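This is what each chain is made of:
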Amino acid sequence: MKKILGIILLVLIITSCEKPIGGVVINADVSFSFVNSKGEDLLNLNTTGALTEENVDIYVLRNGLKVRLYKGNLDAAKYFKIRTENGKSRFQMYFDISPENFIGNKITQFIRYKDGTEDEIVGEFNADRKTNTLLQQIWINGVAKSRIETGNSGQNPIVIMK
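(A) Representation of the overall build of the protein chain. Scanning the protein chain from N- to C-terminus turns up 1 helix and 11 strands. Moving toward the C terminus, one meets the helices and strands of the protein chain in the order α-β-β-β-β-β-β-β-β-β-β-β. Residues classed as buried in the protein chain amount to 37% of the 162 residues present. Taking the intrachain contacts of the protein chain between residues at least 6 apart in sequence as the baseline, contacts between residues at least 24 apart amount to 49%. As displayed, the protein chain has an accessible area near 10,400 Å², and 54% of this comes from carbon and sulfur atoms.

(B) Structural detail: the sheet that holds strand 6 (residues 88–94). Pairing is mixed across the open sheet formed by 4 strands, whose spatial order is 5-6-2-11. The open sheet has two free edges, formed respectively by strand 5 (80–85) and strand 11 (158–161), since each of these has just one partner strand. Strand after strand, the sheet turns through a mean of 35° between neighbouring axes, direction not considered. Here 4 bridges tie strand 2 (residues 29–35) to strand 6, and the two strands are oriented antiparallel to one another. Across the sheet, V30 pairs through a bridge with M93, a residue of strand 6.

(C) Representation of the environment of E118. Mapped onto the elements of the fold, E118 is located in strand 8 (residues 118–125). Setting aside its immediate chain neighbours within four residues, E118 contacts K66, F110, I111, R112, Y113 and N141. Side-chain polar atoms of E118 contact the side chain of K66, separated by 2.3 Å. Within the structure, E118 has its side chain in polar contact with the side chain of R112 (distance 3.0 Å).

(D) Seen up close, the packing of aromatic side chains. Under the defined criterion, the tally for this structure stands at 7 aromatic pairs. A centroid spacing of 6.5 Å and a plane angle of 50° characterise the contact between F32 and F91, whose relative ring orientation is tilted. Pair noted here: F32 is in strand 2 and F91 is in strand 6, with a separation of 59 residues, a long-range link. For the pair F32 and F91, a shared accessibility class is recorded, and that class is buried. Between F34 and Y113 the ring centres are 6.1 Å apart and the planes differ by 80°, which places this aromatic pair in the edge-to-face class.

(E) Quick look at the side chain of S89. Topologically, S89 is positioned in strand 6. A residue is classified by how much of its surface remains accessible, and S89, at 14% relative accessible area, is buried. Residues in contact with S89, not counting those within four places in the same chain, are S33, D41, L43, R83 and T84.

So, how was this worked out
Residues numbered from 1 in each chain as written. Predicted model: local features only at pLDDT ≥ 70, side-chain atom pairs only at ≥ 80, totals over all residues. Heavy atoms only, no water. Helix = DSSP H or I, 4+ residues; strand = E, 2+ residues; numbered from the N terminus. Buried < 20%, exposed > 50% of the residue type's maximum accessible area, 1.4 Å probe, protein only. Contact = heavy atoms within 4.5 Å. Areas by Shrake-Rupley, 256 points an atom, 1.4 Å probe, with all protein chains shown as cover. Pairing = 2+ DSSP bridges. Axes fitted to C-alpha atoms, helices over the stretch in contact; angles between N-to-C directions. Polar contact = N/O pair within 3.5 Å; in protein donor to acceptor, adjacent residues only side chain to side chain. Phe/Tyr/Trp six-rings, centres within 6.5 Å; stacked < 30°, edge-to-face > 60°.

Put into structure tokens, the structure is as follows:
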């Protein structure tokens, strides 16, 4: 009887062990700060010519055409948010990582301003995106910027002069 209880106990212990659960990691955003020629923060509403969610749109290059990004059911419906923390503002832009937007490992998006000008932002992602989608490098108007670190905590915004 003790052997049977021992075997049952051993089977229960073995079957009750948890397997590690792997999660999907998506890092598909980048933060910017915008300044004018005087060095003033263009994300501050008190600055003349300030950028707001109403006067900026994001476009993605899809099949050779620029398509405006908007999904009303998302928290960041226009694929960006202007966030202020500890008195500092940043423009957090999200890449639309839909498969049709990739050309190889890259997605090209445009920040279009109310005056009609725009900045081209190209994001390069990891080659194997079956589990994780990680932004690895960006170019702003053709100029490579430093490697993007995983996550937003502590990420210094890339400065764009307007």
